[in-house]
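# Report on the structure
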Amino acid sequence: MSALYTKLVANFIFPIQERLKHHDTVAVRKKMDESQWWPRERIEALQLDRLRNLVSHAEQHVPYYRELFEKIGLTAASIQSLADLQRIPFLTKPIIRNNLERFKSDEAQHLSRFNTGGSSGEPLIFFIGSERVSHDVAAKWRATRWWGVDIGDPEIVVWGSPIELTSQDRMRQFRDRLMRTQLLPAFEMSEAKLDGFVETIQRARPAMLFGYPSSISLIARHAEKSGQRMSDLGIKVAFVTSERLYDHQRDEISRIFGCPVANGYGGRDAGFIAHQCPNGGMHITAEDIIVEIIDKDGKVLPKGTAGEVVVTHLATSDFPFIRYRTGDVAVLSEKSCACGRGLPLLDEIQGRTTDFVLAADGTIMHGLAVVYPIRDIPGIAAFKVVQETLARVVVQIVPEDGCDSQVEAIIAAGIKARLGQTVDVQVRRVDHIPLEKSGKFRYVQSLVVGS
Ligand SMILES: [Zn+2]
């Protein structure tokens, strides 16, 4: 019955829903199922072809790129090899922030607004068109199928908390029920909530757990501590993403839930860059994403050398991401994977750490809980949150044009709403926030837990 339902959803309900939303996810995934086995040269030929199309579309329809390409004398016809991509200057968050409207294609329809800032401490608002939604969903779908999990299989998602439910969220709740996806709000982790999460997972018997490694391993430890058996629920895989996955977390999750752990790397801004296969390789979604690794001066590094990850997302004609600097550090691998897929591999993804913070009443909360109230405020170029004690949080912000004069009060109210009204929130305007050792902002520091 359960397997039948999955088939019904994967082959019938989901495809119809995607069609209604102007997405062609199903067709994209089917193509990707084939191209993943192609030899590397054929995948690179596809990349070059799609890069030319993207550049050509951008020069005709995207005001920012029309002007940039004219200035540097670049045309789609002059892109002869993938190395020619290096003629295009890097794209950074400040550039997008300062030109937001000019990044929209004049042909774009059905754009959705997104924001991010979780992984770097530099908030960003940007747009995603339906072409890109299809490709991003297809990339994730393909990867879960590597682990025997299809759309429609019961799934538990441990993710940010939907505090204010809009009508769109209610639509999503309906959709989630249909798809048998259940959301556990990762931001609030009191003992009572953790008990409830363990119970929900036992009842749902999901095929897959999906979410932050820090939160999933916290639930695992809690289950073990309270003597709840989780290893016989039939969970096929725990897919973790958004943060660095530590070895001890991988061990705990896999031991306690009795399933392998798969790592996924990427975000809403850069796209779903790489997913791990059962043979252990972190396969880049190479049909859609070109990854370059650069040094601190912007020079492209050879395979095997650690540097900043720069991505070009080839399905972004509505709002192009070309040579986008992610701020993450990784290594392009020279190896190929035992699974036989031609998709190239990433190694050693570093520099995505998240800490927990504690609310005044002792509830353990995901670090993103204090990032969310800040990242959607316009006029903040960078920020850093330090929880000095249970009673005191210090926020540094780098203001820029358009920064609200009430920004201090807005941030303080947002953080108090999450951590407790008695918490003293100090907001300081600074000119610059120095990078941490890893070359990144360590945006949440907690002296209470996890530091
Ligand atoms: Zn593989």
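Quantities reported herein were computed from a predicted structural model and do not represent experimental measurements. (Residues numbered from 1 in each chain as written. Predicted model: local features only at pLDDT ≥ 70, side-chain atom pairs only at ≥ 80, totals over all residues. Heavy atoms only, no water.)

### Points about unusual backbone geometry
Within the chain, His 110 stands out as a residue other than glycine whose phi angle is a positive 55°. Examined against the element boundaries, His 110 turns out to sit in the loop between helix H5 (93-98) and strand E1 (112-116). For His 110, a relative accessible area of 43% gives the class partly exposed. (Helix = DSSP H or I, 4+ residues; strand = E, 2+ residues; numbered from the N terminus. Buried < 20%, exposed > 50% of the residue type's maximum accessible area, 1.4 Å probe, protein only.)

### Considerations on a nonpolar patch on the surface
Side chains of Leu 8, Phe 12 and Ile 16 sit close together on the surface and give an oily, nonpolar patch of about 280 Å² of accessible area. As for its placement among the helices and strands, Phe 12 is situated in helix H1 (residues 2-20). When its relative accessible area of 49% is taken as the criterion, Phe 12 is described as partly exposed. (Patch = residues over 30% accessible without salt bridge, like charges linked within 9 Å, V, L, I, M, F, W, Y side chains within 5 Å. Areas by Shrake-Rupley, 256 points an atom, 1.4 Å probe, with all protein chains shown as cover. Salt bridge = Lys/Arg side-chain N within 4 Å of Asp/Glu carboxyl O.)

### Structural notes on the confidence of the model for the protein chain
The predicted model of the protein chain averages 86 in pLDDT, with 88% of residues at 70 or higher. Counting interchain partners and residues more than four positions distant, the pLDDT-below-50 stretch residues 162-167 has six contacts. Long-range and interchain partners of residues 437-443, a stretch whose pLDDT sits below 50, account for 30 contacts in this model, where long-range means more than four residues apart. (pLDDT = per-residue confidence, 0-100. Contact = heavy atoms within 4.5 Å.)

### Some points on the coordination of the zinc ion
Only Cys 277 (SG), His 283 (NE2), Cys 337 (SG) and Cys 339 (SG) from the protein coordinate the zinc ion, and they sit 2.1 to 2.3 Å from it. Along the chain, the residues donating to the zinc ion are arranged with the sequence spacing C-x5-H-x53-C-x1-C. You can see Cys 277 sitting in the loop between strand E8 (271-276) and strand E9 (282-284) and its partner Cys 337 sitting in the loop between strand E12 (321-332) and strand E13 (345-350), a full 60 residues away along the chain. A relative accessible area of 1% places Cys 277 in the buried class. In this structure Cys 337 comes out as buried when scored by relative accessible area, which is 11%. (Donors = N, O, S within 2.8 Å, 3.2 Å for Na, K, Ca; no water.)

### Points about the packing of aromatic side chains
All told, the structure shown has 13 aromatic pairs when counted by the stated rule. A ring pair is formed by Tyr 65 and Phe 69, whose centres lie 5.3 Å apart and whose planes are at 40°; its orientation type is tilted. Pair noted here: Tyr 65 and Phe 69 are both in helix H4 (residues 63-72), with a separation of four residues, about one helical turn. Judged by its relative accessible area of 1%, Tyr 65 is buried. Between the aromatic rings of Phe 321 and Tyr 324, the centroid separation amounts to 4.9 Å while the plane-to-plane angle is 80°, which identifies the pairing as edge-to-face. Each member of the pair, Phe 321 as well as Tyr 324, carries the same accessibility label: buried. The rings of Tyr 64, Tyr 65, Phe 69, Phe 103, Phe 114, Phe 126, Phe 127, Phe 319, Phe 321 and Tyr 324 are connected pair by pair, giving a single aromatic cluster. (Phe/Tyr/Trp six-rings, centres within 6.5 Å; stacked < 30°, edge-to-face > 60°.)

### A short note on helix H12 (residues 407-419)
Compared with the 18 Å implied by 1.5 Å per residue over 13 residues, the 18 Å span of H12 between its first and last C-alpha is a close match. Within the span of H12, buried status applies to Val 407, Ile 411, Ala 412, Gly 414, Ile 415 and Leu 419. One face of H12 carries all of its buried residues, which in axial projection span an arc of 165°. The first or second residue beyond H12 is Gly 420, which carries a positive phi of 130°. (Expected span 1.5 Å × (residues − 1). Arc of directions from axis to C-beta.)

### Remarks on the pairing of E8
For E8, a buried count of five out of six residues is recorded, marking the element as mostly surrounded by other parts of the structure. Both strand E7 (residues 261-267) and E8 contribute to a ladder of four bridges, which runs antiparallel. Directly across from Gly 267, in E8, lies its bridge partner Gly 271. Remark: three residues form the turn of the hairpin made by E7 and E8, two consecutive strands paired antiparallel. Inspection of the sheet shows E8 paired to E9 by three bridges, in the antiparallel sense. Its bridge partner lying in E9, His 275 is registered against His 283. The loop that links E8 with its antiparallel partner E9 comprises five residues; one of these, Gly 280, has a positive phi angle of about 100°. (Pairing = 2+ DSSP bridges.)

### Concerning the nonpolar core
Counting residues in hydrophobic clusters, the biggest one holds 64 residues, and the most contacted among them are Tyr 65, Ile 273, Val 291 and Leu 346. With six residues, helix H3 (residues 40-61) is the largest single contributor of residues to this core. Leaving out residues up to four positions away in the same chain, Val 291 has contacts with Ile 273, Ile 284, Val 309, Val 310, Val 311, Leu 332 and Leu 346. Counting residues in each nonpolar core, the second largest holds 52 residues, with Met 230, Phe 383, Ile 415 and Val 427 among its members. (Core = buried A, V, L, I, M, F, W, Y, C linked by side-chain atoms within 4.5 Å.)

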